[in-house]
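# Summary of the model geometry
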Amino acid sequence: MKLLVMGPPGAGKGSQSKRLVEDYNLTNISTGEMFREAYKRGEKLGIEAMEYIEKGNLVADDITNEIVRKRLMKKAAESSFLLDGYPRTVNQAKALDDMLEEMGTRLTAVINIVVDKEVILERMVGRRVCKSCNATYHTKFRPPDKEDLCDECGGELYQREDDKPASVRNRLNIYESKTKPIIDYYKGRGVLVNINGMQSFEAVYANIRRSLREIIR
Ligand code: ADP
Ligand code: ADP
Ligand code: ZN
């Protein structure tokens, strides 16, 4: 199983990917998370990337392609993986095609989570993330049991710098101009699955599972 999960920021990619990764036993490759982790560890890559991320801009294609290539070439990713938040530009999609060709494989499905702008904004401003384990919450839709503490590990929850209003608008514009065109790139290959993301967590997940079952059959 080789999956790609797409959609605007705040669509629910991370939340749905987490379950897919567990249920299908996939190697999770989230470029956003990899950048944030590298930043936390004080690595040069992370510090450079965070300058783009905080403003809501995309990290340069060559840097992003390189970290994905490294991960895909690791043994664990050979048979099954899930890419969350990559590719985000047509150039990245082309680079990914080259990598997959080198690996002698292709994508099983491209899951595109579709959500209206109003819903996106509400989801992004309410998102909270655990500092220790990266679990994701929402102040209204998925509040933790104890305020500002992670249910899973007790870690402190924080609001990502790029989820603050100043960056959010920029991220949405960039999604429209740079990332959305990828949908056309995958259309016509018979792998694109559009999923209505404006439903409960469970309903969205059920739709994804159903589509995957049909594709595999
Ligand atoms: P979201 O889940 O809200 O869509 P991500 O965690 O996927 O956000 O990404 C956060 C930020 O990291 C992006 O806004 C961008 O700055 C950077 N980033 C993540 N993936 C990529 C990518 N494939 N190309 C360029 N920048 C990326
Ligand atoms: P993405 O990775 O696409 O940016 P996330 O999975 O991080 O999106 O979700 C963004 C925010 O919206 C999080 O706070 C998450 O808890 C919440 N969220 C995700 N899916 C749903 C849903 N189906 N209904 C309500 N809230 C959701
Ligand atoms: Zn946690």
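In what follows, the accompanying structure is described. (Residues numbered from 1 in each chain as written. Chains lettered and ligands numbered in written order. Predicted model: local features only at pLDDT ≥ 70, side-chain atom pairs only at ≥ 80, totals over all residues. Heavy atoms only, no water.)

## Considering the side chain of Asp-162
The topology assignment puts Asp-162 in the loop between strand 7 (157-158) and helix 7 (165-179). By relative accessible area, Asp-162 is classed as buried at 7%. In terms of polar contacts, Asp-162 uses its side chain to reach the side chain of Arg-160, at 3.0 Å. Every residue in contact with Asp-162, bar those within four places of it in the chain, is listed here: Ile-53, Glu-54, Ser-167, Val-168 and Arg-171. (Helix = DSSP H or I, 4+ residues; strand = E, 2+ residues; numbered from the N terminus. Buried < 20%, exposed > 50% of the residue type's maximum accessible area, 1.4 Å probe, protein only. Polar contact = N/O pair within 3.5 Å; in protein donor to acceptor, adjacent residues only side chain to side chain. Contact = heavy atoms within 4.5 Å.)

## A few points about the sheet that holds strand 1 (residues 2-6)
Spatial ordering of the open sheet is given by 2-3-1-4-8, a layout of five strands whose pairing is parallel. Each end of this open sheet is capped by a strand with a single partner; those strands are strand 2 (27-30) and strand 8 (192-196). The average angle at which neighbouring strand axes cross in this sheet is 20°, direction not considered. One ladder, built from four bridges, connects strand 2 with strand 3 (residues 81-84); its direction is parallel. The partner of Asn-28 across the bridge, within strand 3, is Leu-82. Packed onto the sheet, helix 2 (residues 31-40) meets strand 2 and strand 3 and runs at close to 75° relative to strand 2. Running at roughly 160° to strand 8, helix 9 (residues 201-216) makes contact with strand 1, strand 4 (109-114) and strand 8 of the sheet. (Pairing = 2+ DSSP bridges. Axes fitted to C-alpha atoms, helices over the stretch in contact; angles between N-to-C directions.)

## Concerning the coordination of the zinc ion (ligand 3)
Summarising the metal site, the zinc ion (ligand 3) is bound by the protein donors Cys-130 (SG), Cys-133 (SG), Cys-150 (SG) and Cys-153 (SG), whose distances to it range over 2.3 to 2.4 Å. Seen from the zinc ion (ligand 3), its four donor atoms lie at angles of 97 to 116°, and the figure they make is tetrahedral. Spacing between the donor residues of the zinc ion (ligand 3) along their common chain follows C-x2-C-x16-C-x2-C. Of the two residues, Cys-133 sits in the loop between strand 5 (127-130) and strand 6 (136-138) while Cys-150 sits in the loop between strand 6 and strand 7, which places them 17 residues apart along the sequence. Assessed through its relative accessible area of 5%, Cys-150 is described here as buried. (Donors = N, O, S within 2.8 Å, 3.2 Å for Na, K, Ca; no water. Tetrahedral: all angles 85-135°; square planar, octahedral: opposite > 155°, others 65-115°.)

## Details of the site of ligand 2
Taken together, 17 residues form the shell around ligand 2, and within it Gly-10, Lys-13, Ser-15, Arg-127 and Tyr-137 come nearest. One of the backbone N or O atoms of Lys-13 is found 2.8 Å from an oxygen atom in ligand 2. Contact distances for ligand 2 include 2.6 Å between an oxygen atom and a side-chain N or O atom of Ser-15. When ligand 2 sits alone it has 560 Å² of accessible area, and the protein chains cover 93% of it. For the shell around ligand 2, the secondary-structure elements that each account for two or more residues are helix 1 (13-24) and strand 6. Classifying every residue of the shell around ligand 2 gives six nonpolar, eight polar and three charged. (Near = heavy atom within 4 Å. Areas by Shrake-Rupley, 256 points an atom, 1.4 Å probe, with all protein chains shown as cover. Nonpolar A, V, L, I, M, F, W, Y, C, P; charged D, E, K, R; others polar.)

## Focus on the nonpolar core
Among the nonpolar cores identified, the biggest contains 28 residues, and Leu-72, Leu-96 and Tyr-186 are the most heavily contacted of them. Of all the secondary structure elements, the ones that give two or more residues to this core are strand 1, helix 2, helix 3 (44-55), helix 4 (61-72), strand 3, helix 5 (90-103) and helix 8 (181-186). Setting aside residues no more than four positions away along its own chain, Tyr-186 makes contact with Leu-4, Pro-87, Ala-93, Leu-96, Leu-107, Val-110, Val-191 and Leu-192. Within the second largest apolar cluster, 21 residues are counted, among which are Leu-20, Leu-26, Val-168 and Val-193. (Core = buried A, V, L, I, M, F, W, Y, C linked by side-chain atoms within 4.5 Å.)

Honestly, it's all geometry; don't read function into it.
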